[in-house]
Amino acid sequence: MTLRIADSDHRAFRDASPGLRLVLICIFSIGVMALDNQNRHLEGVRQILAASIYPIRLLVDAPFSIGRWLSDNFATRNTLITENDQLKRKILIHNARLQRMASLEAENARLRTLLDSTAKVGDRVLIAEIMSVDMNPFRHMIVINRGSVDGIQVGQAMIDGQGIIGQVIRDHIFSAEAILITDIDHALPVELVRNRLRTIAVGTGDLERLSMPFLPRNADVQVGDLIVTSGLGGTFPPGYPVGVIRDVISEVGQPFLKISAEPAAALNRIREVLLIWTEPPQAAPAADTDATQNDAVESARAEPETAQPDDISPAVPADIPTVDETPTVDETPEEAL
Amino acid sequence: MSRRRASRWPVWLVLLTTTALVSLPLPDVLTPFRPPWATLAIIYWIMMWPRVFGLGSAWLIGLILDILQGELLGQHAMAMTIVGYLTLRFHLQIRIFPLWQLTMTVFALLAIEAFVLFWIDGIVGNPMLGVARWTQVIFGAILWPPVMAIMDRIRESIETRDPTFI
C-alpha cells in the first residue's frame, strides 16, 4: 500500500490484489451472464443501461442522419419534381387498387359470416427508422429509433413495403433492438400461397437467403412459389409476404428437401420499417397511423420505397368490416390493374 | 485529487470513443477487418497508467460493449477484465518491449480475448460463424502501432500539462 504514492483515492476494492480482483470480477460476470442467459432476468437492468448509452448510439448515428438531412434539403428542384411525379402516380395506382380492395373485403366478410368463422380485426402500424449503428457483426440485428415510450413491445412484428423484416427482441426506453428473419437464430412459421402448405422458414446468416429445412421430399414446392406468414405461433400476423422460393434441391437419400428462399424485403437496403400491432382497433389510439391489415398488405405489395405514412392512412371506409385475410387473396401479388 | 480527476476525463473520452467505434456501421465485406478498438485502447491505458485504469475500468468498458452489441451481459466485460489483468500483471515488462515484440504481445492478448468470447458463445449456444472473429484479431494487432502512436500523443499532452499526474 505504501508503494502506491500517486494513488490517493484508496477504496477497499482497489486495495485488493489484482489477482483477487480478477477472481471477484470474473465470478460476478459469470453470475450476470447466467442470470441474463436464463429467462432474461436482467431485462430491466439492460433496459436502463441501454437507455443510458443511447447517447453513444445517437452520436454514432449522427453523421449518417446529418448526411441524409443534407441530401434531403439540398436536393435539386428537378429531382423533387420527378420524385413528386412518381409519388403521385403511385398514389393513383394504390387508390385504384384500394377501391377494388374495399369490395373484396366486403365480399370476404360476407363469406366469412357464411362460414361462421371469426373475423379478424385490423392491424395498427407505427413507422420507425433504422439507426445507423452496427450490432454484433455475426448476428443480423438492427436498432430502431422507437422504444417503449412509443409503445413498442418485445415480439412485435416488423415489415417494410415489401414484406416481413423481423421482430423486436428488446425494447429499450428510447430505442429498440430487432432481429431480422435471416438471423441464424430466427425461425418463422410460413405457408405457401399456392397450396397453403405450412412449414418453417429459418434464417441462414445470409441477408439474401432463408432456408426451409422441414419439408419432406414429396412436398409440392416449386421454384417461384410465394411464401407468406401463416400466423401460427402468434408473433407474426398472417398473410404478409415473406419471400419467394428460389431453389429446391431433392437429394437422394435425404429425407427432406433443401429449399432456399429469397426474402421479399430488401433486408440490406431498408431505412424505415413498420411495426405492427395485431389487436382490436378500439384499443389503438396511441400510434401515428391506423391501417387495416389488408391495407398494409396492399401497400406492402407496392413497388419499393412506397411505404410512406400517407399510403397507409385509413383509406378504407370504417363501415366496411375488416376481416382475416386468407392467403388466397395474395395469390396474384403482382397482378396488374 | 480534483486535478487528478480533471486529467482523467480526456482518457475516458478516448475510451468511450473507441467503444463507440465498435457500432460504427461498416459494410458486411469489411467485418473481418473491424479491429477490436476498445480492447486496444484498454490495453494501452492499463499498460501506461496502471494506477488510474485497472480491472474496474476494463470491466465497465466491456459492459458498455455488451450493451452496444446486444450480447449477453458480462461476456465482453469478463473477456476485457481478463485481458486487463494480464496487461496489469505484466505492464512493467511489456512497456519496455520493442515495438514488434509489443505488437506480438498485443496479438496474444487479443487472441485470448477472442477465445474467451468464443468459449462463452459456445457454452451459451450462440451461433459461432466464420473466421471473421479471428481475422479481427490479426487486423487489431496490425493496427496496434498506429493506435499506440496516437495514444502516446494524447498521453504526453496530458502529462506535460499536468506533470504531477502519475
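If you're wondering where the values come from, they're calculated on a predicted model, not measured in any experiment.

**Observations regarding the overall build of chain B**
Part 1 of the argument: Of the regular secondary structure elements, chain B holds eight helices and zero strands.
Part 2 of the argument: Ordered by position from N to C terminus, the α and β elements of chain B give α-α-α-α-α-α-α-α.
Part 3 of the argument: Taking 2.2 N^0.38 as the reference for a compact globule, 166 residues should give roughly 15 Å; the C-alpha atoms of chain B span a radius of gyration of 16 Å, in line with that estimate.
Part 4 of the argument: With respect to the three principal axes, the spread of C-alpha positions in chain B is 50 × 30 × 30 Å.
Part 5 of the argument: Out of the 166 residues in chain B, the part that is buried amounts to 43%.
Part 6 of the argument: Across chain B, the fraction of contacts at a sequence separation of at least 24, relative to all contacts at a separation of at least 6, is 67%.

**Some details on the overall build of chain A**
Part 1 of the argument: In terms of helices and strands, chain A carries six helices and 13 strands.
Part 2 of the argument: Here chain A, with 337 residues, has 36% of them falling under the buried criterion.
Part 3 of the argument: By sequence separation, contacts in chain A at least 24 residues apart represent 64% of the contacts at least 6 residues apart.

**Some points on the pairing of strand β4 (residues 164-171) of chain A**
Residues and elements named next belong to chain A.
Part 1 of the argument: Within β4, seven of the eight residues are buried, leaving the element largely enclosed by the surrounding structure.
Part 2 of the argument: Here three bridges tie strand β3 (residues 157-159) to β4, and the two strands are oriented antiparallel to one another. Note on β4: the bridge partner recorded for Met158 is Gly166.
Part 3 of the argument: Joining the antiparallel neighbours β3 and β4 is a turn of four residues.
Part 4 of the argument: Between β4 and strand β5 (residues 176-180), which pair antiparallel and follow one another directly, the connecting turn spans four residues.

**A word on the confidence of the model for chain A**
Residues and elements named next belong to chain A.
Part 1 of the argument: Summary statistics for chain A give a mean pLDDT of 76 and a share of 75% for residues scoring 70 or more.
Part 2 of the argument: Note on residues 1-10: pLDDT is under 50 here. Beyond four places in sequence and across chains, it has nine contacts.
Part 3 of the argument: Contacts of residues 280-337 to residues separated by more than four positions or lying in other chains number 124 contacts, the stretch itself having pLDDT below 50.

**Notes on the nonpolar core**
Across soluble globular proteins, nonpolar side chains have a tendency to be buried as a group.
Part 1 of the argument: In terms of nonpolar packing, the biggest core is built from 101 residues, with Ile165(A) and Ile42(B) touching the most fellow members.
Part 2 of the argument: It is helix α2 (residues 37-48) of chain B that provides the largest number of residues to this core, a total of ten residues.
Part 3 of the argument: Those residues in contact with Ile42(B), other than ones at most four positions away along the chain, are Leu15(B), Ala58(B), Ile61(B), Met80(B), Val83(B) and Gly84(B).

**Observations regarding the sheet that holds strand β10 (residues 241-249) of chain A**
All names here are of chain A.
Part 1 of the argument: Spatially, six strands are ordered β6-β7-β8-β11-β10-β9 in a closed barrel, and the strand pairing comes out antiparallel.
Part 2 of the argument: Sheet topology note: the strand β8 (residues 210-211)/strand β11 (residues 258-263) ladder contains two bridges and is antiparallel. The partner of Leu210 across the bridge, within β11, is Ala261.

**Focus on the interface of chain A and chain B**
Part 1 of the argument: At the interface, 37 residues of chain A touch 35 residues of chain B.
Part 2 of the argument: At the level of secondary structure, the elements contributing two or more residues to the side of chain A that touches chain B comprise α2 (18-37), α3 (43-52) and α4 (54-73) of chain A.
Part 3 of the argument: Sort the elements by how many residues they give to the side of chain A that touches chain B and α2(A) lands first, with ten residues.
Part 4 of the argument: Across the side of chain A that touches chain B, the residue classes break down as 20 nonpolar, six polar and eleven charged.

**With respect to helix α5 (residues 77-115) of chain A**
Part 1 of the argument: Its 39 residues place the ends of α5(A) 55 Å apart at the C-alpha level, agreeing with the 57 Å of an ideal helix rising 1.5 Å per residue.
Part 2 of the argument: When α5(A) is considered as a whole, its buried residues turn out to be His94(A), Met101(A), Glu105(A) and Asn108(A).

**A closer look at the packing of α2(B) against helix α4 (residues 75-89) of chain B**
Residue and element names in this part refer to chain B.
Part 1 of the argument: Look at α2 against α4: their axes get within 9 Å of each other, and the N-to-C directions meet at 30°. One finds that α2 runs roughly parallel with respect to α4. In the packing of α2 onto α4, the handedness of the crossing is right-handed. Residue-level contacts link Thr39, Ile42, Ile43, Ile46 and Met47 of α2 to Met80, Val83, Gly84, Thr87 and Leu88 of α4.
Part 2 of the argument: Across the contact of α2 with α4, the residue classes tally to seven nonpolar, three polar and no charged.

**Some words on unusual backbone geometry**
Part 1 of the argument: You will see that Arg196(A), though not glycine, has its phi angle at about 55°, which is positive.
Part 2 of the argument: In this structure, Arg196(A) sits in the loop between β6 (187-192) and β7 (198-203).

**A look at the pairing of β6(A)**
All names here are of chain A.
Part 1 of the argument: Sheet analysis places β6 next to β7, joined by five bridges and oriented antiparallel. Residue Ala187 lies in a different strand from β7, and its bridge partner there is Val202.
Part 2 of the argument: Connecting the antiparallel pair β6 and β7 is a turn made up of five residues, with Arg196 showing a positive phi of about 55°.
Part 3 of the argument: Direction of pairing for β6 relative to strand β9 (residues 226-229): antiparallel, over a ladder of three bridges. If you follow Leu192 over to β9, its bridge partner there is Ile227.

**Brief notes about the packing of helix α6 (residues 99-124) of chain B against helix α7 (residues 132-142) of chain B**
Residues and elements named next belong to chain B.
Part 1 of the argument: It is the contact of α6 with α7, at a shortest axis distance of 9 Å, that shows an interaxial angle of 155°. Taken together, α6 and α7 sit at an angle that is classed as roughly antiparallel. Pair α6 / α7 crosses with right-handed handedness. The segment α6 lies against α7, with Thr103, Val106, Phe107, Leu110, Ala111, Ala114 and Phe118 engaging Arg133, Trp134, Val137, Gly140 and Ala141.
Part 2 of the argument: Among the residues forming the contact of α6 with α7, the class breakdown is nine nonpolar, two polar and one charged.

**Quick notes on the confidence of the model for chain B**
Reading predicted coordinates in detail is not appropriate for stretches of low pLDDT.
Part 1 of the argument: Counting all residues, the mean pLDDT for chain B is 86, and 92% of those residues have values of 70 or more.
Part 2 of the argument: If you check the scores for this complex, the pTM reads 0.73 and the ipTM reads 0.82.

**Focus on the environment of Val154(A)**
All names here are of chain A.
Part 1 of the argument: Tracing the backbone through its elements, the reader meets Val154 in the loop between β2 (141-144) and β3.
Part 2 of the argument: Between the C-alpha atoms of Val154 and Glu177, which are 23 residues apart in sequence, the distance is 9.1 Å.
Part 3 of the argument: Contact partners of Val154, with chain neighbours within four places excluded, come to Val168, Ile169, Arg170 and Asp171.

**Regarding the environment of Pro18(A)**
Part 1 of the argument: Summarising the element assignment, Pro18(A) is placed in helix α2.
Part 2 of the argument: Classification of Pro18(A) by C-beta neighbours within 10 Å gives partly exposed; the count is 16.
Part 3 of the argument: Look past the residues within four positions of Pro18(A) in its chain and what remains in contact with it is Leu55(B), Tyr85(B), Leu88(B) and Arg89(B).

Scoring rules and cut-offs
- Residues numbered from 1 in each chain as written.
- Chains lettered and ligands numbered in written order.
- Predicted model: local features only at pLDDT ≥ 70, side-chain atom pairs only at ≥ 80, totals over all residues.
- Helix = DSSP H or I, 4+ residues; strand = E, 2+ residues; numbered from the N terminus.
- Rg over C-alpha atoms; globule rule 2.2 N^0.38 Å.
- Buried ≥ 20, exposed ≤ 12 C-beta atoms within 10 Å, placed from the backbone.
- Contact = placed C-beta atoms within 7 Å.
- Pairing = 2+ DSSP bridges.
- pLDDT = per-residue confidence, 0-100.
- Core = buried A, V, L, I, M, F, W, Y, C linked by C-beta atoms within 7 Å.
- Nonpolar A, V, L, I, M, F, W, Y, C, P; charged D, E, K, R; others polar.
- Expected span 1.5 Å × (residues − 1).
- Axes fitted to C-alpha atoms, helices over the stretch in contact; angles between N-to-C directions.
- Parallel < 35°, antiparallel > 145°, perpendicular 65-115°, else oblique.
- Left-handed = near helix turned anticlockwise from the far one by under 90°.

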